[in-house]
Amino acid sequence: MSIYIKNTVIVLVALISCSALMAQSTNIKGVIFDIKNNTLPGANIYIEGTYYGTSSDANGKFSFTTNETGKQVLKVDYIGFEPYRKEVELTGKQINIEPHLKESFNQLKAITIIAGSFEASETKKAVALKPLDIVTTAGALGDISGAMQTLPGTSTIGESGRLFVRGGHSGEAQTYIDGTLVHEPYTTSAPNTAVRGRFNPFMFSGTVFSTGGYSAEYGQALSSVLLLRTNGLQQEDQLDISIMSIGTGVAGTKLWESGAVTASFDYMNLTPYMQLIPQNINWNKYPQSYNGAISVRQKTGKRGLLKTYITYDKSSFSMDQENPDYLPEITNINIDNQYVYFNTSWRGTLNDKWSLKTGVSTTGNLDNNELGFGDYRGQLHGANAKIVLANQISEKINIRFGTEYFYKYSSVKYNYEPYSVHYQLNYTSNMIVGFAEADIYASNKFVARVGGRYEYSDYLKKYNFAPRISAAYKIDDKSQFSFAYGIFFQDPANEYLIYTGKLDFERANHFILNYQTIKENRTFRAEVYYKDYNNLVKYQLTDHLVPTDHNNSGSAYAYGLDIFWRDRKTIRNGDYWISYSYIDSKRNFRDYPCEAIPGFVSKHNFSLVYKHWIGELRSQPGFTFKYSTPRCYNNPNKADFNSESMTPYRTLNVNWSFLYRQNVIIYASISNVTGFKQEYGYNYASFANDEGFYESVPVIPDAKRFYFIGCFITLTKMGEANQLNKLE
Amino acid sequence: MKKVVVVLLTTVSIVLTSMAVGPEFQKVMGETLAGYSECKTIEDYQGLANKFERIANVEKGEWLPLYYHAHCYIIMSFMEQSSVVKKDEYLDVAEISVNKMMEMVPYESEAFTLQAFMLTARLVVDPMTRGQEYSILSGQAVGTALGLNPDNPRAKYLNISNEMGAAQFFGNDVSKYYTQAKELLKNWDNFKSASPIHPNWGKDQVKEIVDSCK
């Protein structure tokens, strides 16, 4: 019995001591570093599978005690870093660790290549512009291309209004909506008056304006692409009403469970405005336009979205014009334009690795113009279809490839009865394209994009291959360098192709180096670039001014510096940006007799945009000031080509947005408020008069100032939404 | 002998119990929640969030640790004053936990309330740009929360606070929101949380609105 008890006691003691051993605690301490030996405060240190753990203090130090024993896994988690794991044996002996955590790789937070491009987006944080900026910039009057003209790299060509980028003609800049091409993206305007973009900026939630070096996905543009992404699914039913000094509009949106439809109708009529404000032009019929649009959004599956949009425009006007060839007679011109644009696109993910983007767009444009010296009927049909597949091969490599098809039909009819001049020309072109591109990340700090694009045109019977390479390197959290190189091809313009298909693609090479630093609400970027063009179309004019001998012997160059500074911090409630561009460019194209500075280049361009929010007044006033050095124009009475200088371009535009109620906004603006003299050179007669002198008329805007006032009302079920994203 | 065996068994059972160390979920949650009262700085909340994260890592089926983890990060975003980028980064972390939580309890009023709170925090980062979009999103989440539980006082509080924020931004009269806040405060204690570890915050914030009235 005693042995029995003894044994029992031994077992008991053994059990108790064993339990004491188990209850023995181990202290774990240490310091958490990153690989650069900086200490990391707030890291989570714990034993895997238990609640035991602690956080590192302000000096990265930590210490905690655990009752766990035996083999365990010690883990350290810290946001943005790869987790640290260590197997430890808990025996009661103190454990000391000093891990150096490695930054984790995250494509969403990794560097992006920004050489050449300005992005306006809400989804990304480090962007130079926000979508709202496009509509709240004074003078832009809600015109996307107008707002882009306050960015460096662009020239303001007052008599045109189109985008002219880095020494390139406006025809070298293309617009893409949801990935597919838009032909004729501008409204029709009277000769020598600025056009506007056809598309309402409120349709878009993302804009990328590239002044060069863009992705292989985009082609058929020698100098620039404007990429517009339409809004996603709307969030609620609403009715928008606009009443403006120049017209009125209404738009309604109706939602269902997985989709929405929006229908809009706008009517513009400048009659009352132009009768009130004296115009330089003698209008016989003031400009009028109608626009109707329908868009449908439908979610497909869990992560797909189908978007369809169709719009129809009709605009017309009639005016008297002084044509230098017919002076002192006045020429009456009647302009009538009809436009249909259709776009449908689907984007979604196929599985974890693959995503697909596909779209089709068609454009139909019909001009019926009576020009006084003949009737002109121009027709354009364009279509673009595209499929892009993207695959994330590995954590650090993405590839993207796809194919594209372009169709274009253009016809021109011209009749001038008094001289029995009749001609009719047309052509059809089909183009097939393949492209591929890879993004390769070396780390969060370095990314390279390598790609290429192949195009074949059946009308030119020519093909081209365009390599594109770009890269970006992050110096620190705020600053980066990026670089882009590429070859860009474009079909010669319609006006040449309609005469002949025996031409080659026009070509440009871009070299771009960019530095950008974003610190809180301040952005600075500087970009230098060099472009050279070859294969530009040249021709001769016959005695009857008919172009002939089209060939690809033209060439050009452009180099310059673009500076952008934006500051939303220094002035409380204030926000401004400054753009400056320097450019040196010459070209020899069209019927130029020699290489010369083209008429659409200003050596120095400056703009300042300012916006200020005044809470007490519920108002945001703003202004835009622009200055460009004189451009050249050709005076045939002078021996030297393109040797005359225009006056410098200056303008000061002011605007005021006022929130009357949450859902009622009143917006007013005045363009060129100080009445700077704006004159864009002279138009000369094609033929010299009897004294051997070429007559001329000045190119001037139809009015010194433009006044606008509008009231925008939004009605919703909730009653609290407004058109804040319309006009702040 | 019998006695010995009983003693032995008792000892063994005591040993075994003490081997199954580790406070249970409810207790740990209770203790961790008590930590809220000591949080004053972003660093304090970071430490508390880490504790909830450790609990969430172990208790993979529980949504409350994720709830509080996200809640701490949302508060950190509101407290952060030096950097808008950081404000968003804290919310990026909160959003991951909110999304995980929403998958676990897709019909929980408190979950939608926290989602609304997070969306309002996103709006506050850049009201000029995000105002329209996020006020609608946050409003919809609050609406869903109130639909699931019309008595949820936190959803009511967010509803008042969101609408009041918008009214202040537009310079509209805010007096009716003070009345609503007073009413809410008066009835606050009538609402009983599902358990001591279920969300219980918000009374102080409503008090703040009521006090700011004077």
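The model shown is predicted, which means the values in this text are computed figures rather than measured ones. (Residues numbered from 1 in each chain as written. Chains lettered and ligands numbered in written order. Predicted model: local features only at pLDDT ≥ 70, side-chain atom pairs only at ≥ 80, totals over all residues. Heavy atoms only, no water.)

## Focus: the sheet that holds strand β5 (residues 61-66) of chain A
Residue and element names in this part refer to chain A. Rules: We call two strands paired when DSSP finds no fewer than two bridges between them. For helices the rule is a DSSP run of H or I covering at least 4 residues; for strands it is a run of E covering at least 2, with both sets numbered from the N terminus onward. To get an axis, a line is fitted to the C-alpha atoms, and for a helix only the part in contact is used. The angle between two axes follows their N-to-C directions and goes from 0 to 180 degrees.
Pairing in this open sheet of 3 strands is mixed, and the strands run β5-β1-β8 from one edge to the other. Of all strands in the sheet, those with a lone pairing partner are β5 and β8 (95-97), marking the two edges. Pairs of neighbouring strands in the sheet enclose a mean axial angle of 15°, with direction left out of account.

## Some remarks on the packing of helix α5 (residues 84-104) of chain B against helix α6 (residues 109-125) of chain B
How two helices pack is summed up by the angle between their axes together with the distance between the axes. Residues and elements named next belong to chain B. Put simply, the rule is: Comment on the angle field: the value is read as roughly parallel under 35 degrees, roughly antiparallel over 145, roughly perpendicular from 65 to 115, and oblique elsewhere. Each helix crossing is assigned a hand: it is left-handed if the near helix lies turned anticlockwise from the far helix by less than a right angle, otherwise right-handed if that turn is clockwise. Only heavy atoms enter the contact rule, under which two residues are in contact if any of them lie within 4.5 Å.
Following both chains from N to C, one finds α5 and α6 inclined at 160°, their axes separated by 10 Å at the closest point. Considering the angle they form, α5 stands roughly antiparallel to α6. Here α5 runs over α6; the crossing is left-handed. Each of Val84, Lys87, Asp88, Leu91, Asp92, Ala94, Glu95, Val98, Met101 and Met102 in α5 lies in contact with α6, whose residues at this interface are Ala111, Phe112, Leu114, Gln115, Met118, Ala121, Arg122 and Val125.

## Re α5(B)
Residue and element names in this part refer to chain B. We count it as follows: Take the number of residues in a helix, subtract one, and multiply by 1.5 Å to get its expected span. Burial classification: accessible surface area is computed with a 1.4 Å probe over protein chains only, and a residue below 20% of its type maximum counts as buried, one above 50% as exposed, and the rest as partly exposed. N or O atoms within 3.5 Å of each other form a polar contact, as long as, within protein, one can give a hydrogen and the other can take it, and as long as residues adjacent in sequence are counted only when both atoms are side-chain atoms.
Taking 1.5 Å as the rise per residue, α5 with 21 residues should run 30 Å; its terminal C-alpha atoms sit 31 Å apart, in good agreement. Regarding α5, the residues found buried are Lys87, Asp88, Tyr90, Leu91, Asp92, Val93, Ala94, Ser97, Val98, Met101 and Met102. Check the buried side of α5 and you find it contacts α3 (42-58), α4 (64-79), α6 and α7 (127-148). The backbone nitrogen of Val85 has a side-chain oxygen 3.2 Å away, supplied by the residue at the start of α5, namely Ser83.

## Here we look at the nonpolar core
So the rule is basically this: Note on terminology: a nonpolar core comprises buried Ala, Val, Leu, Ile, Met, Phe, Trp, Tyr and Cys residues joined through side-chain atoms within 4.5 Å.
If you look at the biggest cluster of nonpolar residues, it comprises 65 residues, and the most contacted ones within it are B:Met29, B:Tyr36, B:Phe52, B:Tyr68, B:Ile74, B:Met101 and B:Leu114. Ignoring sequence-local partners within four residues, the contact set of B:Tyr36 consists of B:Tyr45, B:Leu48, B:Phe52, B:Tyr68, B:His71, B:Cys72 and B:Ile75.

## A look at the confidence of the model for chain B
Heads up, the condition is: By definition, pLDDT measures how confident the predictor is in each residue, and it falls between 0 and 100.
Chain-level statistics for chain B give a pLDDT mean of 86 and a share of 89% at 70 or above. Scored below 50 in pLDDT, residues 8-22 of chain B makes 9 contacts in the model with residues more than four places away or belonging to other chains.

## Some details on the environment of A:Lys704
Along the chain, A:Lys704 turns up in the loop between β41 (696-698) and β42 (706-716). Separated by 31 residues in sequence, A:Lys704 and A:Val673 have C-alpha atoms that sit 8.6 Å apart.

## Focus: the domain arrangement of chain A
In many analyses, interface size is given as the accessible surface area lost on bringing the parts together. Put simply, the rule reads: An automatic or database domain assignment is the source of the domain bounds shown.
Taken domain by domain, chain A comprises domain 1 (23-101) and domain 2 (117-716). For domain 1 of chain A versus domain 2 of chain A, the separation of C-alpha centres amounts to 57 Å.

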